[in-house]
Amino acid sequence: MIRTIEPSGADIKRIATGIPMDTPVTMLNLLRFREQAAYPEGSGHAPCSGREAYGRYSALAQKRVRDVGGEPVFLAEAIGRFIGPEDERWDEVLLVRYPSMQAFLQMISNPEYRAETVHRSAALEDSRLVVMKTPEGGMGV
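Going along each chain's sequence as written, the residues are numbered from 1 onward. Given that the model is predicted, a residue must reach a pLDDT of at least 70 before its local features are reported, and side-chain atom pairs must reach 80 or more before they are shown or counted; all residues, however, enter totals for whole chains, interfaces and linings. Values shown for side chains rest on all heavy atoms present in the structure; no hydrogens or waters enter the calculation.

### Thoughts on the packing of aromatic side chains
Centres within 6.5 Å are what make two rings of Phe, Tyr or Trp a pair, Trp counting through its six-membered ring; a difference in plane orientation under 30 degrees is then read as stacked, over 60 as edge-to-face, and the rest as tilted. This model, assessed by the stated rule, comprises four aromatic pairs. Between Tyr57 and Tyr113 the ring centres are 6.1 Å apart and the planes differ by 65°, which places this aromatic pair in the edge-to-face class. Pair noted here: Tyr57 is in helix α2 (residues 50-67) and Tyr113 is in helix α4 (residues 111-123), with a separation of 56 residues, a long-range link. Between Tyr98 and Phe104, the aromatic rings sit 5.2 Å apart at their centres with planes inclined by 70°, giving edge-to-face as the arrangement. Accessibility classification places Tyr98 together with Phe104 in one group, the buried group. Taken together, the aromatic side chains of Phe33, Tyr54, Tyr57 and Tyr113 make up a single cluster linked through ring pairs. Both a distance and an angle decide whether a charge sits over a ring: NZ of Lys or CZ of Arg must be within 6 Å of the ring centre and within 35 degrees of the ring normal. The residue whose ring lies beneath Arg32 is Trp90, and the NZ or CZ to ring-centre distance is 4.9 Å. Secondary structure counts use DSSP, requiring at least four H or I residues in a row for a helix and at least two E residues in a row for a strand, with both numbered from the N terminus. Only protein chains enter the calculation, and the probe is 1.4 Å; a residue is then buried if its accessible area is under 20% of its type maximum, exposed if over 50%, and partly exposed in between.

See below:
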């Protein structure tokens, strides 16, 4: 299994060129936490669990999300797998809505946001981030 935590330059280029910048998007985050956060040596961050490190990241990231007009819309603990590879499990599912693809890219390019991702990287064993077009009029079903 390939573990993915950070976007590559190719990932960013693909969504920046493949999705119109004015498209409202909702990001589906699938998160698997490390048992113990893996901060870089000498970072000065107190030892904690991956879930606690992600909480540190979330507290900071929510402000950045709101700064670009976004909002978290759903957070839940994942409790089981119905369809999918047997060795794939997720701890949390998060939906974050952004007014546009441009707003999302603006947020992730913010140097303050980038500095705060140290907590996210330390927290996660694996993740997925799926870009979805937000239906007109909100979340819709």
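And the narrative resumes.
### A few points about the pattern of salt bridges
Two side chains bearing opposite charge may form a pair once their charged atoms approach each other closely. By salt bridge we mean one thing: a side-chain nitrogen of Lys or Arg within 4 Å of a carboxyl oxygen of Asp or Glu. Taken as a whole and assessed by the stated rule, the structure comprises 13 salt bridges. Between Arg64 and Asp67 there is a salt bridge, and its shortest N-O distance comes to 3.8 Å. A residue pair is termed a helical-turn pair when its members lie 3 or 4 positions apart in one helix, as Arg64 and Asp67 do in helix α2 at three residues. Judged by relative accessible area, which is 12%, Arg64 ranks as buried. A salt bridge links Arg128 to Glu88, with the shortest nitrogen-to-oxygen separation between them at 3.7 Å. With Arg128 in strand β4 (residues 124-133) and Glu88 in the loop between β2 (71-77) and β3 (92-98), this pair connects stretches of sequence that are 40 residues apart. Since its relative accessible area comes to 24%, Arg128 is described here as partly exposed. By relative accessible area, Glu88 is classed as partly exposed at 23%. Through salt bridges with shared partners, one network takes in Arg32, Glu88, Arg89, Asp91, Glu125, Asp126 and Arg128.

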